[in-house]
Amino acid sequence: MEPQKNDPKNLWDWFNPKGRNVGGWAFILNRIAALGLVFYLYLHLFVLGKLAQGPQVFDQFIATAKSPLYILGELLVIAAALYHGLNGVRVLLTSFNIGVPQQKQMFYTALLLSVLGTLVFAVRMFTVH
Amino acid sequence: MSKPHVIVIGAGFTGTAIAHDLALRDFDVTVVERGPIASGTSGRTHGLLHSGGRYAVKDQESAIECIEENIILRKIVPEVIEPNGGLFVALTESDLAYKETFIQGCEACGIPVDEITPQEALRLEPNLNPKVLAALIVPDGTFDPLRLALSFAASAKKNGATYHLFTEVVDMLLDGQGNVTGVKVWDRANNTRYEIHSDMVVNATGAWVGQITQMAHAHVPITPTPGIMVAYDQRLVNRAINRLNRPSDGDIVLPQRRLAVVGTTSFSIEEVDYVPIDRSQVDLMLERGAELIPAIRQAKERGVYMAVRPLIGASGPGRSISRTFKAYDHKELDNVEGLVTITGGKATTCRAMAEKTVDIVCQKLGLNIPCTTAAAPLTSYREFYSR
Amino acid sequence: MWKITYRVHRQKGNEPPHYETFQVEVDPEEYVLDGVEKIWASEDRSLTFRHACHHSTCGACGMRVNGVEKLTCITKIKDVVQDGGTLTVEPLRNFPVVSDLVVDLGPLYRKMAAVQAPAVHALSMTPWEGQNIAPPADIPMRSADEEYIRLPDCIECGICISACPVAATDPEYFGPAPLAAIQIQGLDKPELLALADSQEGVWRCHSAFECSAVCPSNVDPGRRIMDLRRQVSAKRLKLA
Ligand SMILES: Cc1cc2nc3c(=O)[nH]c(=O)nc-3n(C[C@H](O)[C@H](O)[C@H](O)COP(=O)(O)OP(=O)(O)OC[C@H]3O[C@@H](n4cnc5c(N)ncnc54)[C@H](O)[C@@H]3O)c2cc1C
Ligand code: HEM
Ligand code: SF4
Ligand code: FES
């Protein structure tokens, strides 16, 4: 069907993985990561807001934030930021027609570096406490 | 008085060119085509804008039609044509022996022909077989089949013609005397059936003309004669390369965008709607094509297709039948009024076929309107979809 | 001969779409389009589909085969299904469906006309190599003032638009083929610069490169859009 502007169905089509190739996956992942980061930004502001409620409230929160579940969440943020940033560099370069024929390899590199980076953080966060 | 209404059945080269001619002569035109534009034989042609050289020895009537129409099409529809010329090349002594006959034939038909040295031929077409013994240049060209038909269709549409695509003629409307007064159609896109009335019906269904005439209890002598074509994934030549000899299997290689296409064969069949591909003919095309352009062996197959020539006459199949065209008035043939059939011919001569057909339509309706298509540039093929 | 099943998208008039299956005997060397034509010829005369050249030069036969955009006349059956298997054919995405496998490519043709995409051009205007295939060499004509004319690579099949995630949500986006057609011409004409540098032009692209992955004709539209971005930026910086 021909798409219509502002059709709610479009929301799904943005993420629809059917019949997509490497570049399409890179774009979908980039968008998911970006949305995750925006969500995190709000969460972050909300948490910072607790500072205004006094030191006890904040310390209490910091205590719960040390639980593995929270660390896992933070790792997701790190993964998203790494991937989105590295892929962002890929998108910027290709936008100047630099490396377009190598865009797949660049995507795999960005993905690999994000996974490695996230692993490094994971090791440190779970051991250094 | 309202304009006379003519139904054209079939939207191949012939039908679309007729629609254009009719519309220019101010008829009310309705085109009925059971598929999309050029989905019959026309879409599946080789794409050679004939100079006439191929027919200059054995079939001079066709050859003269070709060169005249070649010149006209280059003028009226340049945006679908690669006007790069063509070579006839001799590879064997027997080819060489044919050279003089060929040149004489071309000269008799008014086809400009110019001999160049084998070295020059190889400079112009580096992929040519280095064993080339002689080479002649003629004004061949190549065209995009769909876009040629679309250009005629778009021009007709601009002048008011209406199209019923995916709409099949399933029967004729006949009056008490058995004369044709319109058609019964099945709209396959919407699965509906209805009737269209007209002052005249033109049957331009190519290899399928017999099915239509049968519906009107009329007949027309044609022999459906398919041929194969094989496309390869490299543009190995920039102009049409013909074997300098009598027409035979696989003796033309020509460029289409990034492809090279080799054709063709000639045999006879019963069933016209789906012609299965015979792999031995594919191998033959490779073998014969590689004689002209050896690098074809390094290229990859990219499409194989069959098309069915609507050759006129009921005699045996193949290359002996003339490639000229014929328009039949079924009043004369079968005493059925209101139906004209056109068939035979070539893509290259479709405009002339239309002129002849519409002349007959005019004459039958007692009108005297001259044909102007030879000097009227066509509109862009894109306008068929965009307007 | 193989026995395979075609699962075909059907839709007539305003009826809701559904899928219908057909068992067909095919030669695995045949192309997907041949099988569709065979179904029409011997199984169901109401099946509608677009086709003309059967060798990838007209752009009529684009469909989705197992969910992925393909030019069906050059997609061998053996490359998309196995003996006894099932093959799904659907119309292209992002275009209005006319019937069954037929879409209306009008929006694409309008855009190609708007960007003045050349219908034929000089041989020397094929600027770079696509995947796997070298551009035709620019061989001299007989006299110096003549030039070879050729039909362009882009066959206006709409496959790139069907695969484009941006076109999936924005019908006004010019899309890969029209933007590639601007890139081939360069930005000397002010109206082309204005089109490229508009909201629905090069800046609407999200670099998914789906167009280049599916383009059957080596146009590499994704790369051309990126090059157009570079050209637009350079032009604007110079003007500033
Ligand atoms: C192998 C081969 C190679 C060729 N190469 C060349 C070449 O290089 N150069 C050249 O100049 N010529 C070439 N030709 C010749 C040329 O292709 C044909 O002469 C030309 O295409 C015939 O066009 P047409 O419009 O008469 O028939 P078609 O294109 O077949 O048109 C007939 C139309 O009628 C429609 N139709 C049928 N029945 C019905 C119905 N009941 N209701 C509604 N519509 C119906 C069909 O769908 C079809 O679209 C070649 C032919 C063949 C076979
Ligand atoms: C290293 C830092 C970053 C770089 C290099 C970067 C780069 C990019 C690029 C190039 C795009 C365009 C992608 C496209 O065309 O599809 C983009 C989109 C986006 N970015 Fe970032 N970004 C960065 C950080 C962030 C952060 C921290 C956030 C959120 C807080 C963010 C949110 C977004 C959003 C919401 C989009 C739109 C996504 C879409 O349209 O799919 N970015 N970014
Ligand atoms: S750019 Fe490629 S995919 Fe897009 S219309 Fe042209 S040929 Fe088809
Ligand atoms: S039928 Fe022409 S491109 Fe496939």
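All values reported here derive from a predicted model rather than from experimental measurement.

**Structural notes on the packing of aromatic side chains**
Within the structure shown, the criterion is met by ten aromatic pairs over all chains. When the ring of phenylalanine 61 of chain A is compared with that of tyrosine 70 of chain A, the centres are 6.1 Å apart and the planes differ by 85 degrees; the resulting orientation is edge-to-face. Ring geometry for tyrosine 163 of chain B against phenylalanine 384 of chain B: centres 4.9 Å apart, planes inclined by 90 degrees, an arrangement best described as edge-to-face. With a gap of 221 residues between them, tyrosine 163 of chain B in strand 9 (residues 162–164) and phenylalanine 384 of chain B in helix 10 (residues 383–386) connect regions that are remote in the sequence. This pair shows no difference in class: tyrosine 163 of chain B is buried, exactly as phenylalanine 384 of chain B is. Through a chain of ring-to-ring contacts, the aromatic side chains of Tyr163, Tyr381, Phe384 and Tyr385 of chain B together with Tyr109 of chain C assemble into a single cluster. Positioned over the ring face of tyrosine 19 of chain C is arginine 7 of chain C, at 4.2 Å from the centre of the ring. When the ring centre of tryptophan 40 of chain C is taken as reference, the NZ or CZ atom of arginine 45 of chain C above it lies at 4.3 Å.

**Considerations on the site of ligand 1**
All names here are of chain B. Ligand 1 sits among 34 residues. The nearest are Thr14, Glu33, Ser42, Thr45 and Thr348. The separation between a nitrogen atom of ligand 1 and a polar main-chain atom of leucine 48 is 2.8 Å. Across the complex, the protein chains shield 98% of the 1000 Å² of accessible surface that ligand 1 would expose by itself. Taken together, the residues of the shell around ligand 1 sort by class into twelve nonpolar, 17 polar and five charged. Of the domains in this structure, domain 1 (5–41 + 146–221 + 323–386) and domain 2 (48–143 + 223–312) are the two that each give at least three residues to the shell around ligand 1.

**Quick notes on the coordination of the iron atom of ligand 2**
Here the protein supplies the iron atom of ligand 2 with just one donor, His84 of chain A (NE2), and that contact is 1.9 Å long. Assignment of secondary structure puts histidine 84 of chain A in helix 4 (residues 68–95).

**Looking at the sheet that holds strand 4 (residues 81–82) of chain B**
The strand order 3-8-4 (chain B) describes an open sheet built from three strands, whose pairing is antiparallel. The open sheet has two edge strands with one neighbour each: strand 3 (48–49) and strand 4 of chain B.

**With respect to the interface of chain A and chain C**
You'll often see interface size given as the accessible area lost when the parts meet. Contacts between the two partners involve 25 residues from chain A, matched on the other side by 31 residues from chain C. Interface area, chain A with chain C, both sides summed: about 2400 Å², of which 54% is carbon and sulfur. Run the count over chain A and chain C and you get one salt bridge. For arginine 20 of chain A, the salt bridge identified is with glutamate 210 of chain C, shortest N-O distance 4.0 Å. At the junction of chain A and chain C, the tally comes to seven residue pairs in polar contact (both at pLDDT 80 or more). If you list the elements that add at least two residues to the side of chain A that touches chain C, you get helix 1 (9–15), helix 2 (22–51) and helix 4 of chain A. Each residue belonging to the side of chain A that touches chain C can be placed in one class, and the counts come to eight nonpolar, ten polar and seven charged.

Thresholds, definitions, all that
Residues numbered from 1 in each chain as written. Chains lettered and ligands numbered in written order. Predicted model: local features only at pLDDT ≥ 70, side-chain atom pairs only at ≥ 80, totals over all residues. Heavy atoms only, no water. Phe/Tyr/Trp six-rings, centres within 6.5 Å; stacked < 30°, edge-to-face > 60°. Helix = DSSP H or I, 4+ residues; strand = E, 2+ residues; numbered from the N terminus. Buried < 20%, exposed > 50% of the residue type's maximum accessible area, 1.4 Å probe, protein only. Lys NZ or Arg CZ within 6 Å of the ring centre and 35° of its normal. Near = heavy atom within 4 Å. Polar contact = N/O pair within 3.5 Å; in protein donor to acceptor, adjacent residues only side chain to side chain. Areas by Shrake-Rupley, 256 points an atom, 1.4 Å probe, with all protein chains shown as cover. Nonpolar A, V, L, I, M, F, W, Y, C, P; charged D, E, K, R; others polar. Domains from an automatic or database assignment. Donors = N, O, S within 2.8 Å, 3.2 Å for Na, K, Ca; no water. Pairing = 2+ DSSP bridges. Contact = heavy atoms within 4.5 Å. Buried area = accessible area lost by both parts, 1.4 Å probe. Salt bridge = Lys/Arg side-chain N within 4 Å of Asp/Glu carboxyl O.

Don't take any of this as a statement about function, it's just geometry.
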